[in-house]
Amino acid sequence: AALGDVGADIVLLQETTPDWEDLLRHRVGPGRDYSHCFFHTYDPAGKERPPAGGIAVLSRYPLGATSIIESPVDWFPALLTNVEVEGGEVQFLNVHLHPPLTSAALPLPHAAVTSKTERHLEVRHYQAYLDPTRPLVVAGDFNESHGAASARLFWESLGMRSVLQEFSPKETTTWWWSLPGGVRASAPFDHMFYSQLTCVAGGVHTAGASDHYPIYGDFTCP
């Protein structure tokens, strides 16, 4: 439902599975909501990993060169695609960084700290595939806040702008989870950064059944 509410031209998805891909197929293809798509099914290859590790892009515009970038720390991959929009080609990097889990996918307290290094290694690796002289959007599940090293690489080191910090600084909670006793945990884990583009609107769409709310940005090319 949230997908239809936002009405985005380009959708970056994380935590997809073959079942989700089957459900989304009716919305993609010629004459449908999204004429172009790319799905990647995550194969943990015998490692202890959460099952929902796939990644995808849905687009109303043609996709150019599209590739999967494997995680340097052996977790979920990133997806890099070039989309032919009105006004030119835009790079989109879709990320799902190392969750706050141990290497055996256990939610132990120390993993919240040790996994920060893994996420920073991931974004430094992905950075090498980007062309900073061309329009670029980086978005997805960072599994940590705007001030963490993985996010700072984009807004501090690469000089990119944050859609949520620019248009929705007071409402950046994007992830939630229900705990025993009626306690609800929440955090600003999802981000969208951009450069060489003009963003005219953006924010968090607090709807849908996922534990991550969709975030969105409305861009125009130079």
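The rules behind each value
Residues numbered from 1 in each chain as written. Predicted model: local features only at pLDDT ≥ 70, side-chain atom pairs only at ≥ 80, totals over all residues. Heavy atoms only, no water. Helix = DSSP H or I, 4+ residues; strand = E, 2+ residues; numbered from the N terminus. Rg over C-alpha atoms; globule rule 2.2 N^0.38 Å. Buried < 20%, exposed > 50% of the residue type's maximum accessible area, 1.4 Å probe, protein only. Areas by Shrake-Rupley, 256 points an atom, 1.4 Å probe, with all protein chains shown as cover. Pairing = 2+ DSSP bridges. Axes fitted to C-alpha atoms, helices over the stretch in contact; angles between N-to-C directions. Disulfide = S-S within 2.5 Å. Salt bridge = Lys/Arg side-chain N within 4 Å of Asp/Glu carboxyl O. pLDDT = per-residue confidence, 0-100. Contact = heavy atoms within 4.5 Å.

What to know about the overall build of the chain
- A count of helices and strands for the chain gives five helices and 13 strands.
- For 222 residues, the compact-globule estimate of 2.2 N^0.38 gives 17 Å, and the chain sits close to it at 17 Å.
- Projected onto the principal axes, the alpha-carbon positions of the chain cover approximately 45 × 40 × 35 Å.
- Across the 222 residues that make up the chain, the buried fraction comes to 44%.
- Accessible surface for the chain amounts to roughly 10800 Å². Of this, 54% is attributable to carbon and sulfur atoms.

Things to note about the sheet that holds strand 3 (residues 54-59)
- The sheet built from three strands is open, its strands ordered 1-3-2 with antiparallel pairing. Either end of the sheet is taken by a strand with one partner, and the two such strands are strand 1 (10-16) and strand 2 (36-40). With strand direction ignored, the average angle separating the axes of adjacent strands in the sheet is 10 degrees.
- Bridge analysis of strand 2 against strand 3 gives five bridges, and the strand direction is antiparallel. Each bridged residue has a counterpart across the sheet, and for Cys37 the counterpart in strand 3 is Leu58.

Remarks on the state of the cysteines
- Applying the stated rule across the entire model yields zero disulfides.
- Cys221 provides the cysteine sulfur closest to Cys199, a residue in no disulfide bond, and the two sulfurs are 12 Å apart.
- What makes Cys199 buried here is its relative accessible area of 8%.

Quick word on the pairing of strand 3
- Along strand 3, six of the six residues are buried, which leaves the element largely enclosed by surrounding structure.
- In this sheet, strand 3 lies alongside strand 1 in antiparallel orientation, the contact comprising six bridges. Looking at strand 3, one finds that Ile10 is bridged to Ser59.

Focus on the pattern of salt bridges
- Under the defined criterion, the tally for this structure stands at seven salt bridges.
- Of the charged contacts, one joins Asp74 and Lys47 as a salt bridge, the two residues approaching to 3.7 Å between their closest N and O atoms. Highlighted residues: Asp74 in the loop between strand 4 (63-69) and strand 5 (78-85) and Lys47 in the loop between strand 2 and strand 3, separated in sequence by 27 residues.
- By relative accessible area, Asp74 is classed as partly exposed at 40%.

With respect to the confidence of the model for the chain
- A residue-level look at the chain finds 96% of positions with pLDDT of 70 or above and a mean pLDDT of 90.
- The least confident element of the chain is helix 1 (residues 2-6), whose mean pLDDT is 63; the most confident is strand 7 (residues 136-141), at 98.

Details of the packing of helix 3 (residues 111-127) against helix 4 (residues 149-157)
- The N-to-C vectors of helix 3 and helix 4 enclose an angle of 35 degrees; their axes lie 8 Å apart at closest approach. Touching Arg119, His120, Val123, Arg124 and Gln127 of helix 3 are Ala149, Ser150, Leu153 and Phe154, all from helix 4.

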